[in-house]
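Summary of structural features
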Amino acid sequence: MDLQLKDKVVIVTGGAKGIGAAIVHACAAEGAVPVIVGRDAEAGKKVQSEITSGGSRCGLISVDLSTAEACAQSISQTVKEFGRLDALVNNAGRNDKVGLEEGSPEEYVASLNRNLVHYYSMAHYSLPHLKRARGSIVNVGSKTAVTGQGSTSGYASSKGAIMALTREWAAELLPYGIRVNTVIPAEVMTPLYRSWLDTFPNPEEKLNIILSKIPLEKRMTTAEEIASMVVFLLSAKSSHTTGQHLFVDGGYVHLDRALT
Ligand code: NAP
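Residues numbered from 1 in each chain as written. Predicted model: local features only at pLDDT ≥ 70, side-chain atom pairs only at ≥ 80, totals over all residues. Heavy atoms only, no water.

Quick look at the pairing of strand β1 (residues 9-13)
The side chains of a regular strand alternate, residue by residue, between the two faces of the sheet. With five of five residues buried, β1 is to be regarded as a mostly interior element. Both faces of β1 are covered, namely the face carrying Val 9, Ile 11 and Thr 13 and the face carrying Val 10 and Val 12. Inspection of the sheet shows β1 paired to strand β2 (residues 33-38) by five bridges, in the parallel sense. Looking at β2, one finds that Ile 11 is bridged to Val 35. Between the parallel pair β1 and β2, the chain is carried across by helix α1 (residues 18-29), and the sense of this crossover is right-handed. (Buried < 20%, exposed > 50% of the residue type's maximum accessible area, 1.4 Å probe, protein only. Helix = DSSP H or I, 4+ residues; strand = E, 2+ residues; numbered from the N terminus. Pairing = 2+ DSSP bridges. Right-handed = clockwise from strand over helix to strand, strands pointing away.)

Below, the structure is given as structure tokens:
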């Protein structure tokens, strides 16, 4: 299937690691020009060189997305370097465990800045370019928005807001033909997930308990499986799909618990 993404310039926030890096690779495999926007410069350079050493183009902007200025600058730098912007993947985030009992109002606002506000800022500053390209936006959410997790108010509410913004932006951007969708992972082995798992006294035992509750094949979703859904949603092959929440999770969130 030709996804018609050749030469399309796609910003992927948090594209240096985990799910974001898989999305960057999947975009490059389709002939698109991914632009990694993230704060770990070393990891970003590694992913960039994996792609450019194969003869493809890939941008890298090393920045922390916690300020609106950084978001604006990463959009203008992309357009300066590549001449256009066709799509935005808002993916950067971290389950930072700012809870109701353990956290504070100040920490809660800081968590929203880390996990939510840059999704808005990146979409806002991308808009003039996406209008020109009739581009699309894919957000990466989290199951915690619909299941809760405990002790993570900032992250869970950011991900809930991202689902709401997906519907809201899909509605607002109808006149421009810009589609907006959210892909929602549950359990994907990434550097972030690994570091969370390692906080448990017996990480492998904890992992086996989680795996036993994933209905389809009792395994984690791979980052590549998330990326496949993202590139499909970016592509013209999903040209009548907008405002949707797509759970790529082996049935974890919605299937009957009696199945596990
Ligand atoms: P990851 O392995 O930590 O990769 C995320 C990348 O984004 C890292 O390079 C990180 O930099 C960067 N990043 C995070 N916040 C940033 C910011 N404010 N500014 C710039 N860069 C930032 O995480 P992942 O597991 O791939 O997660 C990707 C997305 O999937 C997140 O939105 C996460 O909430 C969501 N998700 C993941 C899972 C899962 O099971 N893995 C489940 C549900 C949802 P640093 O390395 O410096 O932190």
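Here the narrative resumes.
Considerations on the side chain of Asn 91
Secondary-structure assignment places Asn 91 in the loop between β4 (87-90) and α4 (105-133). Asn 91 gets classed as buried once you look at its relative accessible area, which sits at 11%. With near-sequence residues (within four places) excluded, Asn 91 lies in contact with Thr 13, Gly 14, Ile 19, Gly 20, Tyr 119 and Val 140. (Contact = heavy atoms within 4.5 Å.)

Some details on the nonpolar core
Nonpolar side chains tend toward joint burial in soluble globular proteins. With 38 residues, the main nonpolar core has Val 10, Ile 23, Val 89, Val 230 and Leu 234 as its most contacted residues. Looking at this core, the elements with two or more residues in it are β1, α1, α2 (41-52), β4, α4, β5 (136-140) and α9 (223-234). Not counting the four nearest positions on each side in its chain, Val 10 is found in contact with Cys 27, Ala 32, Val 33, Pro 34, Val 35, Ala 87, Val 89 and Leu 234. (Core = buried A, V, L, I, M, F, W, Y, C linked by side-chain atoms within 4.5 Å.)

Things to note about the site of the ligand
Taken together, 28 residues are adjacent to the ligand, and Lys 17, Asn 91, Tyr 155, Lys 159 and Thr 190 come closest. Between Leu 65 and the ligand, the recorded distance is 2.9 Å, taken from a backbone N or O atom to a nitrogen atom. With respect to the ligand, the side chain of Lys 159 contributes an N or O atom lying 2.8 Å from an oxygen atom. Surface burial for the ligand is 94%, taken as the share of its 880 Å² of free accessible area covered by protein chains. Mapped by element, the contributors of at least two residues to the shell around the ligand are α1, α4, α6 (153-172) and α7 (191-197). (Near = heavy atom within 4 Å. Polar contact = N/O pair within 3.5 Å; in protein donor to acceptor, adjacent residues only side chain to side chain. Areas by Shrake-Rupley, 256 points an atom, 1.4 Å probe, with all protein chains shown as cover.)

Focus on the domain arrangement of the protein chain
Here the protein chain is described as being made up of domain 1 (9-186 + 225-246) and domain 2 (188-220). Relative to domain 2, the C-alpha centre of domain 1 lies at a distance of 24 Å. In this assembly, 11 residues from domain 1 lie in contact with seven residues from domain 2. For the pair domain 1 and domain 2, the summed buried surface comes to about 620 Å²; carbon and sulfur atoms form 65% of the total. The shortest N-O distance in the salt bridge between Glu 225 and Arg 219 comes to 2.8 Å. The interface formed by domain 1 and domain 2 holds one residue pair in polar contact (both at pLDDT 80 or more) in total. Listing elements by their share of the side of domain 1 that touches domain 2, those giving two or more residues are α1 and α9. The residue inventory of the side of domain 1 that touches domain 2, partitioned by class, reads four nonpolar, three polar and four charged. (Domains from an automatic or database assignment. Buried area = accessible area lost by both parts, 1.4 Å probe. Salt bridge = Lys/Arg side-chain N within 4 Å of Asp/Glu carboxyl O. Nonpolar A, V, L, I, M, F, W, Y, C, P; charged D, E, K, R; others polar.)

Quick look at α4
For α4, which comprises 29 residues, the first-to-last C-alpha distance of 40 Å matches the rise-based estimate of 42 Å (1.5 Å per residue) to within 8%. At Leu 127, α4 is bent by approximately 55°, the largest bend along its length, and proline Pro 128 sits one to four residues beyond. Among all positions of α4, only Ser 111, Leu 112, Asn 115, Leu 116, His 118, Tyr 119, Ser 121, Met 122, Ala 123, Ser 126, His 129 and Leu 130 are buried. Looking at the buried positions of α4, the neighbouring elements they touch are β1, α3 (68-82), β4, β5 and α6. Positive backbone phi, approximately 45°, marks Arg 134, located one or two places after α4. (Expected span 1.5 Å × (residues − 1). Bend = angle between axes of the 7 residues up to and from the residue.)

What about the pairing of β5?
The buried count for β5 comes to five of five residues, which makes it a mostly enclosed element. The side-chain alternation of β5 yields two buried faces, one formed by Ser 136, Val 138 and Val 140 and the other by Ile 137 and Asn 139. Where β4 meets β5, four bridges bridge the pair, whose relative direction is parallel. By the bridge assignment for β5, Asn 90 is matched with Asn 139. Bridging between β5 and strand β6 (residues 179-184) involves five bridges; their strand directions are parallel. What sits directly across from Val 140, in β6, is Val 183.

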